Amino acid sequence: MAHSAVSQVAVAVPVGTDSTLRSAPLFKTQNLRLGEKSWAPVLSLDLKSRNPRLRNRYVVCMSVQQASKSKVAVSPLELEERSQPPLNLYKPKEPYTATIVSVERVVGAKAPGETCHIVIDHGGNVPYWEGQSYGVIPPGENPKKPGNPHNVRLYSIASTRYGDSFDGKTASLCVRRAVYYDPESGKEDPSKSGICSNFLCNSKPGDKVLITGPSGKIMLLPEDNPNATHIMIATGTGIAPFRGYLRRMFMESVPTYKFGGLAWLFLGVANPDSLLYDDEFTKYLQDYPDNFRYDKALSREQKNKKGGKMYVQDKIEEYSDEIFKHLDGGAHIYFCGLKGMMPGIQETLKRVAEQRGESWDQKLSQLKKNKQWHVEVY
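Owing to the predicted nature of the structure, the values given are computational and were not obtained by experimental measurement.

Chemist: For this particular structure, what's the right way to read the sheet that holds strand β15 (residues 292-298)?
Modeler: Hydrogen bonds along the backbone pair up the strands of a sheet, which may run parallel or antiparallel. Read across the sheet, 5 strands follow the order β15-β14-β12-β16-β17 without closing on themselves; strand pairing throughout is parallel. Looking along the sheet, the strands with just one partner apiece sit at the ends: β15 and β17 (373-377). Mean inter-strand twist for the sheet, computed between neighbouring axes without regard to direction, equals 10°. Direction of pairing for strand β16 (residues 332-337) relative to β17: parallel, over a ladder of 5 bridges. The residue of β17 that forms the bridge with glycine 337 is valine 377.

Structure (structure tokens):
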């Protein structure tokens, strides 16, 4: 890995399978300050470890907040050689056993709920392309089918094919811990918590995780025109595939893909503490102002023009003339997040189209036909 020109934060992570790694007191925690934000403690290896055998079992990865104008060299470049994306290399009946590298909370104290950035070591055995998903099978048995494993849960991958360590051996997931609150008591009911999201958010470095896939083609980043416009609309953890796109465009030095177009990101979350990967995106904005735009909809802090809460569809309406012009010029538009985001967005686009004297149904049909329309909601 060539990172001489990169401002970096070293994070030591286990890559071996020795169970003694779990209990050996090799880690010290330290607080980080990046820009104006203070980040939660991260793990760093105690290099004074008396056991050199264990010490050599660790690798250094890049912090999730790291971003630099000097692009990072990636390898192996064979990952660029496929003409088609890898699909379903591992199936639910024969999943791949990967290893948790790190779990980091990536939202502030005032965010509703907890979201974690989880790095998984697949050893280069489960390659993927930006925009694809991994399936995760949580441990335990399926309560609806005793004796059988849990069903697969799909998660959009939040890293490029080279992973956060730029070596093609890891994948990152952006996971919000699913919890259930009883409407009468207002208290959390652990028996109804999301099985897979809580398993992932509770994982420790060295834990094993069963993964399937990769799957999905609808959200693949089209790279035939490196000067294309890409409009990305995300709510919450729907940011995952777009983080992968943007790292590929602005952070990594990929010889076969030199991005020179426009990437325009709309991110909808509750408040500033809920913003995901904000430091990365803000850095791209500083370093590539001609190629990146970044608009945030903070529903609990901002008001739309009618005085109501600001959602992504309100931001879309605000910039609707520009967005429609880009779409008419061949831009790709992507939507990722909870299913509930789409009706409001569709209504807004329909209203804007009608105001412009266009039929939204016809326009949408044409966008789909031209493969400019990409939706992944869950």
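Alright, that's what it looks like, and here's the rest.
Chemist: How should the nonpolar core be read in this particular structure?
Modeler: Ranked by size, the top nonpolar core spans 40 residues in total, and within it Ile239, Phe242 and Leu246 carry the most contacts. Counting only elements with at least two residues in this core, the list comes to β12 (229-235), α4 (240-251), β14 (262-269), α5 (278-287), β15 and β16. A total of 7 residues in this core trace back to one element, the largest contributor, which is α4. The residues touching leucine 246, leaving out its near neighbours within four places in the chain, are Met232, Met251, Ala263, Leu265, Phe281, Tyr284 and Phe292. One finds Ile231, Tyr319, Ile345 and Leu349 within the second-largest nonpolar core, a separate group that totals 25 residues.

Chemist: What's the story with the packing of α4 against α5 in this structure? I'm lost.
Modeler: Helix packing geometry: the angle between the two helix axes and the distance between the axes. It is the contact of α4 with α5, at a shortest axis distance of 11 Å, that shows an interaxial angle of 35°. Between α4 and α5 lies a crossing of left-handed hand. Across the interface between the two elements, Arg243, Leu246, Arg247, Phe250 and Met251 of α4 pack against Glu280, Phe281 and Tyr284 of α5. In the contact of α4 with α5, the residues fall into 5 nonpolar, no polar and 3 charged.

Chemist: In this structure, what is going on with the environment of glutamine 313? I would like to understand it.
Modeler: Note on placement: glutamine 313 falls in helix α6 (residues 312-318). Judged by its relative accessible area of 17%, glutamine 313 is buried. Those residues in contact with glutamine 313 that sit more than four places away from it in its chain are Gly344, Ile345 and Thr348.

Chemist: Just to check I follow, could you spell out the packing of aromatic side chains for this structure?
Modeler: Two measures describe an aromatic ring pair: the distance that separates the ring centres and the angle between the ring planes. The full count for this structure, using the stated rule, is 21 aromatic pairs. Centre to centre, the rings of tyrosine 257 and phenylalanine 259 are 6.2 Å apart; their planes meet at 40°, and the pair counts as tilted. Like phenylalanine 259, tyrosine 257 is buried. Members of the aromatic cluster, joined through ring pairs, are Phe250, Tyr257, Phe259, Tyr277, Phe281, Tyr284, Tyr288, Phe292 and Tyr294. Above the plane of the ring of tyrosine 277 lies arginine 243, whose end atom (NZ or CZ) is 4.7 Å from the centre. The ring centre of tryptophan 264 lies 3.8 Å from the NZ or CZ of arginine 293, which sits over that ring.

Chemist: Explain α4 to me, please; I cannot follow it from the model alone.
Modeler: An α-helical segment advances 3.6 residues per turn. Residues three or four places apart therefore align on the same side. Helix length check: α4, at 12 residues, gives a terminal C-alpha distance of 16 Å against a target of 16 Å (1.5 Å per residue), a fit within 8%. In terms of burial, α4 is a largely internal element, 12 of the 12 residues being buried.

Chemist: Whenever I open this one, the sheet that holds strand β9 (residues 153-156) confuses me. Can you help?
Modeler: Pairing is antiparallel across the open sheet formed by 6 strands, whose spatial order is β9-β8-β11-β6-β7-β10. For this open sheet the edge positions go to β9 and β10 (170-176), each flanked by a neighbour on one side alone. Within this sheet the neighbouring strands show an average axis-to-axis angle of 40°, counted without direction. With 7 bridges joining them, strand β7 (residues 115-121) and β10 adopt antiparallel strand pairing. Note that in β10 the partner of threonine 115 across the bridge is arginine 176.

Chemist: Help me understand the pattern of salt bridges, please; the structure alone is not making it clear to me.
Modeler: Side-chain pairing between opposite charges can occur once the charged atoms of the two side chains come close. A complete count under the given rule lists 22 salt bridges for this structure. Two residues, aspartate 164 and arginine 247, come together in a salt bridge whose shortest N-O distance is 3.8 Å. In this pair, aspartate 164 sits in the loop between β9 and β10 while arginine 247 sits in helix α4, placing the two residues 83 residues apart along the sequence. Looking at aspartate 164, the relative accessible area reads 3%, which means it is buried. Across the salt bridge formed by lysine 283 and aspartate 287, the nearest N and O atoms sit 2.9 Å from each other. Placement of the pair is lysine 283 and aspartate 287 together in helix α5, with a separation of 4 residues, close to one helical turn. Residue classification places aspartate 287 among the buried positions, given a relative accessible area of 14%. Taken together, the shared-partner salt bridges in this structure form one network comprising Glu80, Glu130, Arg161, Glu223 and Arg248.

Basis of the calculations
Residues numbered from 1 in each chain as written. Predicted model: local features only at pLDDT ≥ 70, side-chain atom pairs only at ≥ 80, totals over all residues. Heavy atoms only, no water. Pairing = 2+ DSSP bridges. Helix = DSSP H or I, 4+ residues; strand = E, 2+ residues; numbered from the N terminus. Axes fitted to C-alpha atoms, helices over the stretch in contact; angles between N-to-C directions. Core = buried A, V, L, I, M, F, W, Y, C linked by side-chain atoms within 4.5 Å. Buried < 20%, exposed > 50% of the residue type's maximum accessible area, 1.4 Å probe, protein only. Contact = heavy atoms within 4.5 Å. Left-handed = near helix turned anticlockwise from the far one by under 90°. Nonpolar A, V, L, I, M, F, W, Y, C, P; charged D, E, K, R; others polar. Phe/Tyr/Trp six-rings, centres within 6.5 Å; stacked < 30°, edge-to-face > 60°. Lys NZ or Arg CZ within 6 Å of the ring centre and 35° of its normal. Expected span 1.5 Å × (residues − 1). Salt bridge = Lys/Arg side-chain N within 4 Å of Asp/Glu carboxyl O.

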